[in-house]
Amino acid sequence: MNTFLKRVLILLSIIALGLFLYSVFVENIFAPRLSPKDTVEFKLNDLKLEVFYNRPFKKGREIFGALVPHDQVWRTGANEATTFETNKVLEVKGVPLAAGKYTLWTVPRDSVWTVMFNTKQYSWGVNAEMKPMWDPNFDALTIEVPLQKLQNTVEQFTIAFDNSTDNLFLTMAWDDVKVSVPLK
């Protein structure tokens with residue numbers, strides 16, 4: 001084997017080892033995520049809805065009013081910004097929402113939540129100062145939905161589609177709180 005080929009193989013081996021060590025010690029890609037990613041889908045006839053989000057755990061913490069402050073914009077999950085995608089025009093609480101991909105933001109309060117569908121796609125949910133990256137200039141739709149208190153605690157933040165009563169809802173539940181966004 002000639003000298004040039006040996007040097008190239010040694011250099012590639014060093015680069016591969018460096019990338020492996022970086023992924024293990026810096027990015028920790030082999031450890032389970034503290035807030036796992038999840039995607040929920042709803043399909044009915046030619047309607048397709050999809051939500052991508054990260055699911056933090058309660059872990060004995062006080063959630064709403066503490067970890068997630070009241071009256072402040074929340075990225076509605078953890079890590080990356082939560083996205084909502086529809087292939088058809090929807091009515092959200094009677095207001096039209098065009099087909100497309102949106103980031104989903106909320107403002108939790110004691111008795112009502114504000115839910116915003118934002119057209120801007122954000123790479124992450126918060127900036128370096130841990131402030132939401134949400135820009136209100138890109139809100140396509142803003143609605144308020146009532147809060148429901150739950151009897152049982154939901155340990156892990158959960159977004160789902162509920163069509164059990166022939167009325168479609170986008171539900172978000174965590175701790176002892178649930179909100180339902182009506183979709184048509």
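You'll find the structure just up there.
Attention now moves to the overall build of the protein. Across its full length, the protein carries one helix and nine strands. The helix and strand sequence of the protein, counted from the amino end, reads α-β-β-β-β-β-β-β-β-β. In summary, the protein has a C-alpha radius of gyration of 21 Å against a globular reference of 16 Å for 184 residues, an excess of more than 25%. Taken over 184 residues, the protein has a buried fraction of 38%. If you take every contact in the protein between residues at least 6 apart in sequence, the share linking residues at least 24 apart comes to 55%. When the accessible surface of the protein is split by element, carbon and sulfur atoms take 57% of a total near 10900 Å².

Side-chain direction in a regular strand flips from residue to residue, so the side chains alternate between the two faces of the sheet. Counting buried positions along strand β7 (residues 112-118) gives seven out of seven residues, so the element sits mostly inside the fold. Side chains of β7 alternate between two faces, with V112, T114, M116 and N118 and W113, V115 and F117 buried alike. By the bridge criterion, five bridges tie strand β6 (residues 100-107) to β7 in an arrangement that is antiparallel. Residue pairing across strands places T106 opposite V115, the latter belonging to β7. Hairpin geometry of β6 and β7 is characterised by an intervening segment of four residues between the two adjacent antiparallel strands. Sheet topology places β7 next to strand β8 (residues 139-162); seven bridges connect them, and they run antiparallel.

A cluster of nonpolar residues, L5, L9, L11, L12, I15 and L19, forms a patch on the protein surface that exposes about 570 Å² of accessible area. Of note, L12 is situated in helix α1 (residues 3-25).

The rules behind these values
- Residues numbered from 1 in each chain as written.
- Predicted model: local features only at pLDDT ≥ 70, side-chain atom pairs only at ≥ 80, totals over all residues.
- Heavy atoms only, no water.
- Helix = DSSP H or I, 4+ residues; strand = E, 2+ residues; numbered from the N terminus.
- Rg over C-alpha atoms; globule rule 2.2 N^0.38 Å.
- Buried < 20%, exposed > 50% of the residue type's maximum accessible area, 1.4 Å probe, protein only.
- Contact = heavy atoms within 4.5 Å.
- Areas by Shrake-Rupley, 256 points an atom, 1.4 Å probe, with all protein chains shown as cover.
- Pairing = 2+ DSSP bridges.
- Patch = residues over 30% accessible without salt bridge, like charges linked within 9 Å, V, L, I, M, F, W, Y side chains within 5 Å.
- Salt bridge = Lys/Arg side-chain N within 4 Å of Asp/Glu carboxyl O.

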